[in-house]
Amino acid sequence: MVSKNHKIFLAGHKGHLGSAIFKKLKKAGFKNILTIDKSKLNLLNQEKVFKFLKKNKPKVVIVAAARVGGIHANNTQRAKFIYENLTIQNNIIHGSYLSEIKNLIFFGSSCIYPKNISKPITEKMLLTGKLEYTNEPYAIAKIAGVKLCENYNLQYKTNYKCLMPCNSYGPNDNYDNKNSHFIAALIKKIYLAKKYKKKQIEIWGTGKPKREIIFVDDIADACIYFMNRKTKKTLINIGTGKDLSIESYAKYLIKFFNLNLKIKKNLNMPDGIKRKLLNVNLANSLGWKAKTSLKDGITITLKDLNKKNFF
Ligand SMILES: NC(=O)c1ccc[n+]([C@@H]2O[C@H](COP(=O)([O-])OP(=O)(O)OC[C@H]3O[C@@H](n4cnc5c(N)ncnc54)[C@H](OP(=O)(O)O)[C@@H]3O)[C@@H](O)[C@H]2O)c1
C-alpha cells in the first residue's frame, strides 16, 4: 500500500496526462511528489536517469513521459518515435529495477493492439495480428514496454503495471493541426466556428467510424487506483467501454456549443479503422470504472480552453 507520505516520482508531469496525474495526486493528499523538468533530466540519458532513481529511490514510479503525437507525427517521425520511446521506458523501467523500486505504472495506448481484430478489444488480443502501419514504430515501442514490465514481474517479482487508455481529451491536450487526436481536432473546429461565426465545419471521411474517448482525469484516477493495488495481470485496458460515431461526437459538440452548424463530410479523406473500442471488463472486475460523463468532461475542457485563450 502506498501511503500519503511515500515518495512518488512522476515522469512527464507537464504533459496532458502527467499534469492530470499531478493534480489528482495532490488532491488525494500525496505529499511527496517528485518531478523534474526535461532541462534538468533528459530521460534519454541513461546514466543520469539511473543516478536520479538511485539517489531519490521513490516508492512508486509513474511513467507518463513519452514521445507522443497524432498520425502525421507518428508516420513522418518514425525513427524518433521508436527510438525515444524505447529509450525513455528502458531507462526508467530498468533504472527502477536497479534501484530496487518495486512499484511502477507504465502508460501506453490502445494502438498497441492489432488493427483487424474483433471489438471490444481484450488484453489477450495483444500480438495476435498486424499493427496499423502509420503508428507501428510507436506501438512496437509501447509493446516492448509492456513486455519489459511483464517479464520483470515474472523474473524479479516487481509490481510493474501497464495501463492502456483509449483516446483521451481534457485540459492540456494537443490541439496542433497536424498532431492532435480526432476529438481535440473536433473541439477546436467547433470552438473556432463559434468564435468566427462560421456556418459549417468539415469532418474527414464519412463520420461513421466509431471511437471511444475518456476524460484525462479518469486515466489519472485509474493511475492512483492501480498504484495502490497488487494485481496478477500486468496489462490493463482503461476506457469507458462505450463508443460513438465521429459524426455523433460532432453533433453532440455542436449542440453543446448551442450552434446550428452544418457538417460537411470530406469524402476524399480516408475513414481509418471502422471501430476502436476497448473491453474494460478486467479494470471493472478489479474495482475501477471511469466516472466522468461526456458533458462534465467537455465542460471542464472548454473552461481550460477559455482560460488559456488558446486559438
Ligand atoms: N491512448 C491515448 O490516447 C492516451 C491518452 C493519454 C495518455 N496516453 C499515454 O500517456 C503517456 C503521456 O501522453 P500525453 O498525451 O500526456 O503526452 P504529452 O502531453 O506529450 O506529454 C509527454 C511528456 O513527456 C515529456 N518528455 C518527452 N520526452 C522527454 C524526455 N526525453 N525527457 C524528459 N521528458 C520528456 C514531455 O516533456 P516536453 O513537453 O518538455 O517534451 C511531456 O511533458 C504516453 O505514453 C501516452 O501513450 C495515451
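Scroll up a little and you will see the structure.
Enquirer: Would you mind showing me how to read the site of the ligand here?
Expert: Near the ligand lie 25 residues; those nearest to it are H16, L17, N42, Y138 and K142. Contact between the ligand and K38: an oxygen atom at 2.9 Å from a side-chain N or O atom of the residue. Between the ligand and L43, the relevant distance is 3.0 Å, taken from a nitrogen atom to a main-chain nitrogen or oxygen of the residue. Contact with the protein chains covers 81% of the free accessible surface of the ligand, which is 910 Å².

Enquirer: Teacher, can you tell me more about the nonpolar core here?
Expert: In globular proteins that are soluble, nonpolar side chains generally tend to be buried together. Membership of the largest hydrophobic core comes to 71 residues, with the highest contact counts inside it found for I21, I62, F107, F226 and M227. Here this core gets nine residues from one element, more than from any other, and that element is helix α7 (residues 216-227). With residues up to four places along the chain from it excluded, the contact list for F107 reads L17, I21, I62, V63, A64, K142, L163, M164, P165, I219 and C223. L186, Y191, A250 and F311 belong to the second largest nonpolar core, which has 24 residues in total.

Enquirer: What exactly am I supposed to notice about the sheet that holds strand β3 (residues 60-63) here?
Expert: The strands making up a sheet are joined through hydrogen bonds of the backbone, oriented either antiparallel or parallel. Strand order in the open sheet formed by six strands is β2-β1-β3-β4-β5-β10, with parallel pairing between adjacent strands. Only two strands of the sheet have a single neighbouring strand rather than two, namely β2 (32-34) and β10 (235-238). The average undirected angle you get between the axes of adjacent strands in this sheet is 20 degrees. Where strand β1 (residues 7-11) meets β3, four bridges bridge the pair, whose relative direction is parallel.

Enquirer: Whenever I open this one, the pattern of salt bridges confuses me. Can you help?
Expert: One side chain can pair with another of opposite charge once the charged atoms of both are near each other. Taken as a whole and judged by the stated rule, the model has 10 salt bridges. With a shortest N-O distance of 3.7 Å, K51 and E47 are connected by a salt bridge. Of this pair, K51 and E47 both sit in helix α2 (residues 46-56), four residues apart, roughly one helical turn. Among the ionic pairs, D243 bridges to R275, the shortest N-O distance being 2.7 Å. Taken together, the residues span a long stretch of sequence, with D243 in the loop between β10 and β11 (244-245) and R275 in strand β13 (residues 275-276) at a distance of 32 residues.

Enquirer: Would you explain helix α4 (residues 78-98) in this entry?
Expert: One turn of an α-helix holds 3.6 residues; hence residues three or four places apart share an orientation. Between its first and last C-alpha atoms α4 spans 30 Å; for 21 residues at 1.5 Å apiece the expected length is 30 Å, and the two agree. Taken residue by residue, α4 has R78, F81, E84, N85, T87, I88, Q89, N91, I92, I93, G95 and S96 as its buried positions. At the C-terminal side of α4, E100 shows a positive phi close to 60 degrees.

Enquirer: Sorry, what's going on with the sheet that holds β11 here?
Expert: Taken together, three strands build an open sheet; the order of strands is β11-β8-β13 and the sheet is mixed. Across the chains shown, the open sheet's two edge strands, defined by having one partner strand only, are β11 and β13. Here strand β8 (residues 210-211) pairs with β13 via two bridges, running parallel. When the bridges of β13 are listed, K210 appears paired with R275.

Enquirer: Whenever I open this one, the state of the cysteines confuses me. Can you help?
Expert: Should the sulfur atoms of two cysteines be covalently bonded, the bond is a disulfide. Applying the stated criterion to the full structure yields zero disulfides. C111 forms no disulfide, and the closest cysteine sulfur to it belongs to C166, at a distance of 12 Å.

Enquirer: Where do I start with the packing of helix α6 (residues 182-195) against helix α8 (residues 246-256) in this structure?
Expert: Packed helix pairs are characterised by how far apart their axes lie and by the angle those axes make with each other. Look at α6 against α8: their axes get within 10 Å of each other, and the N-to-C directions meet at 35 degrees. Handedness of the α6/α8 crossing: right-handed. Contacts between α6 and α8 pair F182, I183, L186, I187 and I190 from the former with I246, Y249, A250, L253 and I254 from the latter. Taken together, the residues that form the contact of α6 with α8 break down as 10 nonpolar, no polar and no charged.

Enquirer: Would you explain a positive patch on the surface in this entry?
Expert: Taken together, the side chains of K23, K27, K303 and K307 define a basic patch exposed on the protein surface. Secondary-structure elements contributing two or more residues to the positive patch are α1 (16-27) and α10 (294-308). Structurally, K307 can be placed in helix α10. With a relative accessible area of 70%, K307 lands in the exposed category.

Parameters at a glance
- Residues numbered from 1 in each chain as written.
- Predicted model: local features only at pLDDT ≥ 70, side-chain atom pairs only at ≥ 80, totals over all residues.
- Heavy atoms only, no water.
- Near = heavy atom within 4 Å.
- Polar contact = N/O pair within 3.5 Å; in protein donor to acceptor, adjacent residues only side chain to side chain.
- Areas by Shrake-Rupley, 256 points an atom, 1.4 Å probe, with all protein chains shown as cover.
- Core = buried A, V, L, I, M, F, W, Y, C linked by side-chain atoms within 4.5 Å.
- Buried < 20%, exposed > 50% of the residue type's maximum accessible area, 1.4 Å probe, protein only.
- Helix = DSSP H or I, 4+ residues; strand = E, 2+ residues; numbered from the N terminus.
- Contact = heavy atoms within 4.5 Å.
- Pairing = 2+ DSSP bridges.
- Axes fitted to C-alpha atoms, helices over the stretch in contact; angles between N-to-C directions.
- Salt bridge = Lys/Arg side-chain N within 4 Å of Asp/Glu carboxyl O.
- Expected span 1.5 Å × (residues − 1).
- Disulfide = S-S within 2.5 Å.
- Left-handed = near helix turned anticlockwise from the far one by under 90°.
- Nonpolar A, V, L, I, M, F, W, Y, C, P; charged D, E, K, R; others polar.
- Patch = residues over 30% accessible without salt bridge, like charges linked within 9 Å, V, L, I, M, F, W, Y side chains within 5 Å.
- Lys, Arg positive; Asp, Glu negative; His and termini not counted.
- Charge placed at Lys NZ, Arg CZ, Asp CG, Glu CD.

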